[in-house]
Structures are given as C-alpha cells and as structure tokens.
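Structure assessment
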Amino acid sequence: MPPAEGAYPRYQDEPPRPGVMDRVIPTSNPNALVGYYLGLFAIMPVFGLLLGPAGIILGLKGLKAVKHSPGLPGTGHAITALVGGIIGCLVNYGLGAIILIAYLSRPR
C-alpha cells in the first residue's frame, strides 16, 4: 500500500537542510573539503611546494563561499586548509632556501 499523501517531505518546496554528516564532511562546500586535504598533505616535505599554495587558495574560496551562504558548512575545514597551507609553504620554502644557501656557501 502506498504511503499517505504528505507522509514524505516535499523537497521541491525547500532545499534539504545539512545533516550531521555534512557538518563532519562538508560535501556541499567542495573547496573547503579539498583544501583541507591539500593543507594537511602540504605539511609533508616536498609536497608542500605545490600543495601549500593550492590549499591556501581553496581555503580562501571555501571561506568566501561560507561568507556568501552563512548556513553552508565547512568553515573549520577552510581554516585548516589555510593554516596547513601556510605552514606547509613556510616549512618547505624555508627548507629549500636553507638548502640553497648551504649549497651556495660551501667551500670550493
């Protein structure tokens, strides 16, 4: 027997609200989610040379999306992307500069 009329919510009238899992994994804010993973991997040596700037850019895009749509999840992921990207850039480019300086100042 089919369900009674009105037994299910009508999503045509209003968009579904984000659930608990969307707060944990913000699939509706892909910039924040992808930036989060790039920011985490940017902390690893060598990977941060490319992933750090990408994490920073996607983190900023994710924060901009949250600013334009206040109910959109992903603020924490976007902030983590920014912090991880910045730390990854500082560490990797700093190590690269130290290695370059050490190489250029070696005795010949």
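Data block above holds the structure.
Residue numbers restart at each chain and count upward from 1, following the sequence in its written direction. The model is predicted, so local features are restricted to residues of pLDDT at least 70 and side-chain atom pairs to those at 80 or more, both for listing and for counting; the totals for chains, interfaces and linings are taken over all residues. Working from all heavy atoms in the structure, the side-chain values ignore hydrogens and water.

Focus on the overall build of the protein chain
Secondary structure elements are defined from DSSP: runs of H or I of at least 4 residues count as helices, runs of E of at least 2 residues count as strands, and each element is numbered from the N terminus. Scanning the protein chain from terminus to terminus reveals 4 helices and 0 strands. Start at the N end of the protein chain and walk to the C end: the helices and strands fall as α-α-α-α. The rule is simple: take the accessible area with a 1.4 Å probe, protein chains only, and divide by the maximum for that residue type; under 20% is buried, over 50% is exposed, in between is partly exposed. In the protein chain, which comprises 108 residues, the share counted as buried stands at 26%. Looking at the protein chain as shown, the accessible area adds up to about 7,800 Å², and 72% of this sits on carbon and sulfur atoms. Here, Shrake-Rupley sampling with a 1.4 Å probe gives the accessible areas, and only protein chains in the shown set may cover a residue.

Observations concerning the packing of helix 2 (residues 30-41) against helix 3 (residues 48-68)
Angular values range over 0 to 180 degrees, each being the angle between N-to-C directions of two axes fitted as lines to C-alpha atoms, with helices fitted over their stretch in contact. For the pair helix 2 and helix 3, interaxial distance at closest approach is 8 Å and the crossing angle is 150°. In terms of orientation, helix 2 and helix 3 fall into the roughly antiparallel class. Crossing angle aside, the handedness with which helix 2 passes helix 3 is left-handed. Only Leu-51, Ala-54, Gly-55, Leu-58, Lys-61 and Gly-62 of helix 3 make contact with helix 2, whose side of the interface consists of Asn-31, Ala-32, Val-34, Gly-35, Leu-38, Gly-39 and Phe-41. Under this scheme an angle from 65 to 115 degrees is roughly perpendicular, one under 35 degrees roughly parallel, and one over 145 degrees roughly antiparallel; angles in between are oblique. Left-handed describes a crossing whose near helix is turned anticlockwise from the far helix by less than a right angle; the clockwise case is right-handed. Whether two residues touch is decided by their heavy atoms; if any such pair falls within 4.5 Å, the residues are in contact.

Section: the packing of helix 2 against helix 4 (residues 75-104)
The N-to-C vectors of helix 2 and helix 4 enclose an angle of 30°; their axes lie 7 Å apart at closest approach. Taken together, helix 2 and helix 4 sit at an angle that is classed as roughly parallel. Seen along the crossing, helix 2 lies across helix 4 with a hand that is left-handed. Residues Ala-32, Leu-33, Gly-35, Tyr-36, Gly-39 and Leu-40 of helix 2 pack against His-77, Ala-78, Thr-80, Ala-81, Gly-84 and Gly-85 of helix 4. Gly counts as polar in this scheme, as do all residues outside two lists: the nonpolar Ala, Val, Leu, Ile, Met, Phe, Trp, Tyr, Cys and Pro, and the charged Asp, Glu, Lys and Arg. Residue composition of the contact of helix 2 with helix 4, grouped by class: 6 nonpolar, 6 polar and no charged.

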